[in-house]
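Each chain, letter by letter, is given below.
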Amino acid sequence: MIVLMKILQVVLALSVLILIHELGHFLFAKLFKIRVEKFYLFFDAGFALFRFKPKNSDTEYGIGWLPLGGYCKIAGMVDESMDTEALKQPPQPWEFRSKPAWQRLLVMAGGVLFNFIFAIILYIGIMAGWGETYISNQDNSIYVNDLAYDMGFRTGDKILKFDDYTPERFDMLQADMARRTAQKATVLRDGDTVDIYIDQNMIGDILNTPGMFDIAVPFVVDTVPASSLNHASGLKRGDRIIAIDGTGVRYLQESREILKAHSGSSVTASVARGKDTLAINLQVDTSGLLGIYTQLPGIQRKNYSVLEAIPAGINLTFNTIGGYIQDIRLIFTPRTEAYKSVGSFIMMGQIFPASWDWYRFINILALLSIMLGVMNLLPIPALDGGHIVFTIYEMVTGRKPSDKFLEGAQIVGMILLFGLMLLAFGNDIGRLMR
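Residues numbered from 1 in each chain as written. Predicted model: local features only at pLDDT ≥ 70, side-chain atom pairs only at ≥ 80, totals over all residues. Heavy atoms only, no water.

Participant: Before we go on, may I ask you to explain helix α9 (residues 358-376) in this structure?
Facilitator: Helical geometry: 3.6 residues make up each α-helical turn, so side chains three or four residues apart lie on a common side. In this model, α9 (19 residues) spans 27 Å end to end at C-alpha, consistent with the 27 Å of a helix rising 1.5 Å per residue. When α9 is considered as a whole, its buried residues turn out to be Phe-361, Ile-362, Ile-364, Leu-365, Ala-366, Leu-368, Ser-369, Ile-370, Gly-373, Val-374 and Asn-376. Looking at where α9 begins, the residue whose side-chain oxygen comes 3.0 Å from the main-chain nitrogen of Tyr-359 is Asp-357. (Helix = DSSP H or I, 4+ residues; strand = E, 2+ residues; numbered from the N terminus. Expected span 1.5 Å × (residues − 1). Buried < 20%, exposed > 50% of the residue type's maximum accessible area, 1.4 Å probe, protein only. Polar contact = N/O pair within 3.5 Å; in protein donor to acceptor, adjacent residues only side chain to side chain.)

So this is what it looks like as structure tokens:
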């Protein structure tokens, strides 16, 4: 059931994003009176699941069987269909190739533009409907995994800076360090400032090792629910568990292995309450849990009115675009091994929740819309970015690339995209096998 839910979310998200992207091309083409021969969700590649052509319309609409994208076939344009028969005929006034360069540029940029506008609309809706909630980095410490420890970080450190950048969001620490290819991290450790110099050869490990910095959660009691085995134990809100059976615990994470070893039995907890230290007997359930909720420090929440949500949504969109551009730069820097993090639909499915959650779905949809837009801006023939580069070249030099050159470039671009697709599926299969 979980797999089915994830598949449904992936298919729905892809369908929406493809339609939005192709609609951008379609509407600009119609604006400039360019004939659009086909408008398809997914590729038909021989046959379509559904197709129709309205009366007195030049456009055939349909749904293909291959869910690897979609396309808007524009008359007089060299595209992924490689249908060049029409190009052998004299140019017609309704064809793409007959229009001024600035109009062709807008037609090609329309898909990316619509993706970014769609992301802005989604983020504005999120800000207005749910506000913005994040864990502040300012008041929290890190709980490290093996990679972070090997790099010199220690549990309990507070990260102050990466080079000259002061990170604000705790959940973005690992991404900030990788994206900025930080040379140095400055941390606060036991009251002293410590500099940790980052080996640039480890950037690839940083990108491919999730969970370097968990939040170090102080074992401070928030509530003990009525359903808990320890509801009548005497624990109170604000109590801090500092030891279990004589073993010190600074953070919640340090208690897990101790409690797991006592599953289904009891332990004696040393509890700091004000200036006193109490010994309280606690029951451990069969899952190795005490059944209490702890306080999570440093949560920031901002609420926005509809008017306030507009600039906030725009700002978040452009910040996300900037971050993803940095990710792309790392992918094309071989020494970082960031290419190992490239994924396909399999990886996409993993980021969707196991049950329906509108907030998370819309957030992921906005992010994927930005990713699709940025990817299409890459100056690779067969992508919008390749066509945009050729058109800008024409506008600057006054020389239009020949149809023969564009056909060759399209083939090269398709080969590159096929190679990228193989890399993505290969990475996903490798991750599943591991």
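On we go.
Participant: Quick question: what am I supposed to make of the side chain of Thr-186 here?
Facilitator: Note on placement: Thr-186 falls in strand β6 (residues 184-189). There is a polar contact of 3.1 Å between the side chain of Thr-186 and the side chain of Asp-195. Apart from residues lying up to four places away in sequence, Thr-186 is in contact with Lys-158, Ile-159, Leu-160, Lys-161, Thr-193, Val-194 and Asp-195. (Contact = heavy atoms within 4.5 Å.)

Participant: Sorry if this is basic, but what is going on with the UniProt feature "transmembrane region" (unreviewed entry) in the chain here?
Facilitator: Here, the residues flagged by UniProt with the feature "transmembrane region" (unreviewed entry) are residues 105-126, 358-378 and 405-425. Here residues 358-378 runs as 90% helix and 0% strand, with 31 Å between its end C-alpha atoms. (UniProt positions renumbered as here; feature names shortened; annotations may be inferred.)

Participant: Even after reading the chapter, I still don't get the packing of aromatic side chains, so can you show me in this structure?
Facilitator: Geometry of an aromatic ring pair is reported as the spacing of the ring centres plus the angle between the planes. Enumeration according to the criterion identifies 17 aromatic pairs in this entry. When the centroid spacing of 5.0 Å and the interplanar angle of 85° are considered together, the rings of Trp-356 and Trp-358 count as edge-to-face. Overall, Trp-356 belongs to the partly exposed group, its relative accessible area being 34%. Site record: aromatic cluster; members linked through ring pairs are Phe-26, Phe-39, Phe-50, Phe-52 and Tyr-61. The side chain of Lys-38 reaches across the aromatic face of Tyr-40, ending 5.5 Å from its centre. The ring of Tyr-165 carries Arg-180 above its face, with NZ or CZ at 3.5 Å from the centroid. (Phe/Tyr/Trp six-rings, centres within 6.5 Å; stacked < 30°, edge-to-face > 60°. Lys NZ or Arg CZ within 6 Å of the ring centre and 35° of its normal.)

Participant: Teacher, can you tell me more about the environment of Ala-309 here?
Facilitator: Inspection of the secondary structure assignment puts Ala-309 in helix α7 (residues 306-331). Note on Ala-309: relative accessible area 0%, which makes it buried. For the pair formed by Ala-309 and Ile-126, sequence separation is 183 residues and the distance between their alpha carbons is 8.3 Å. When sequence neighbours within four positions are dropped, the list of residues in contact with Ala-309 reads Ile-124, Met-127, Ala-128 and Tyr-304.

Participant: Help me understand the pairing of strand β13 (residues 276-283) in this model?
Facilitator: Each regular strand shows side chains that alternate between the opposite faces of the sheet. In the sheet, strand β12 (residues 266-273) pairs with β13 via 8 bridges, with the strands oriented antiparallel. Across the sheet, Ser-270 pairs through a bridge with Ala-279, a residue of β13. Hairpin connection, β12 to β13: the antiparallel pair is bridged by 2 residues, and Gly-274 has positive phi, about 65°. (Pairing = 2+ DSSP bridges.)

Participant: Explanation requested: the pairing of strand β10 (residues 240-244) in the structure shown.
Facilitator: Bridge analysis of β10 against β12 gives 4 bridges, and the strand direction is antiparallel. Considered in β12, the bridge of Ile-241 is made with Val-271. Relative to strand β11 (residues 247-248), β10 runs antiparallel, the two sharing 2 bridges. The residue bridging Ile-244 from the neighbouring strand is Thr-247, located in β11. Counting the residues between successive antiparallel strands, the hairpin from β10 to β11 contains 2 residues, one of them, Asp-245, with a positive phi of roughly 50°.

Participant: What is the right way to read the packing of helix α1 (residues 2-31) against α9 from this model?
Facilitator: Each pair of packed helices can be described by the angle between their axes along with the distance between the axes. One can describe the packing of α1 onto α9 by two numbers: an axis separation of 10 Å at closest approach and a directional angle of 50°. As judged from the angle between their axes, α1 and α9 are oblique. Viewed along their axes, α1 and α9 form a crossing whose handedness is right-handed. Residues Gln-9, Leu-12, Ala-13, Val-16, Leu-17 and His-21 of α1 pack against Phe-361, Leu-365, Leu-368, Ser-369, Leu-372 and Asn-376 of α9. Across the contact of α1 with α9, the residue classes break down as 8 nonpolar, 4 polar and no charged. (Axes fitted to C-alpha atoms, helices over the stretch in contact; angles between N-to-C directions. Parallel < 35°, antiparallel > 145°, perpendicular 65-115°, else oblique. Left-handed = near helix turned anticlockwise from the far one by under 90°. Nonpolar A, V, L, I, M, F, W, Y, C, P; charged D, E, K, R; others polar.)

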